[in-house]
Amino acid sequence: MFRYFFPDEYVKSIYEIDIDELVSKGIKGVITDLDNTLVEWDRPNATPELIDWLEKVKAKGINITIVSNNNEMRVKQFSEPLGISFISRAQKPMGKAFRQAVRQMRLNREEVVVIGDQIFTDVFGGNRSRIHTILVVPVARTDGFFTRFNRKMERIVLSKMKKKGMIEWED
């Protein structure tokens, strides 16, 4: 059971993800979290750097779907200007939203990666859905109210990962 909490990969930021490597592995779709994965949880719009990264991903023929536990208004206002599909109120780590995103992209789960900043929602949900997971360091040092509890629990898992030499970033 504990293995479900370990990501397949970890990076400090989405900008460290090698898009060409994803393509070479047959990846055709990205399911990504929004808050503290792409932008800070309280930033309403994408940064110019993020817009550039998303365009590079799309240019490689990779579909993107944002899957967020946040409300529809928040996710829609962020996603629509970027032309990115989304699923709000996803109830991660439940698998329904992950399966829905894969179906919407018309792909097989082997052709998709999940990118997120939380072990107990993004990584656990992606792994349970048997989708390759990439954990990123949160882009902000602060979190929304409900995420704070998860972060405390994540420290236990991150500590075990660090002891096993699986991560190198600072706490």
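Above: the structure in question.
Keep in mind that what you see is a predicted model, and the values were worked out from it rather than measured.

Quick notes on the packing of aromatic side chains
- Throughout the structure, instances matching the rule amount to 4 aromatic pairs.
- For the ring pair Tyr15 and Trp53, a centre distance of 6.4 Å and an interplane angle of 85° mean the geometry is edge-to-face. Of the two residues, Tyr15 is situated in the loop between strand S1 (9-11) and helix H1 (19-24) and Trp53 in helix H2 (residues 48-59); the sequence distance between them amounts to 38 residues.
- Using a relative accessible area of 8% as the deciding quantity, one classes Trp53 as buried.
- Grouping aromatic residues by their ring pairs yields a cluster made of Tyr4, Phe5, Phe120 and Phe124.

A few points about the nonpolar core
- The biggest cluster of nonpolar side chains holds 26 residues, and the ones touching the most others in it are Ile14, Leu50, Trp53, Phe78 and Ile115.
- Sorting the residues of this core by element identifies H1, H2, strand S3 (63-67), helix H3 (72-79), strand S5 (112-116) and strand S6 (132-136) as the ones contributing at least two each.
- Among the elements that line this core, the one with the most residues is H2, at 4 residues.
- Residues within four places of Ile115 in sequence aside, it is in contact with Ile14, Ile17, Val30, Ile31, Thr32, Asp33, Thr37, Trp53, Ile134 and Val136.

Thresholds, definitions, all that
- Residues numbered from 1 in each chain as written.
- Predicted model: local features only at pLDDT ≥ 70, side-chain atom pairs only at ≥ 80, totals over all residues.
- Heavy atoms only, no water.
- Phe/Tyr/Trp six-rings, centres within 6.5 Å; stacked < 30°, edge-to-face > 60°.
- Helix = DSSP H or I, 4+ residues; strand = E, 2+ residues; numbered from the N terminus.
- Buried < 20%, exposed > 50% of the residue type's maximum accessible area, 1.4 Å probe, protein only.
- Core = buried A, V, L, I, M, F, W, Y, C linked by side-chain atoms within 4.5 Å.
- Contact = heavy atoms within 4.5 Å.

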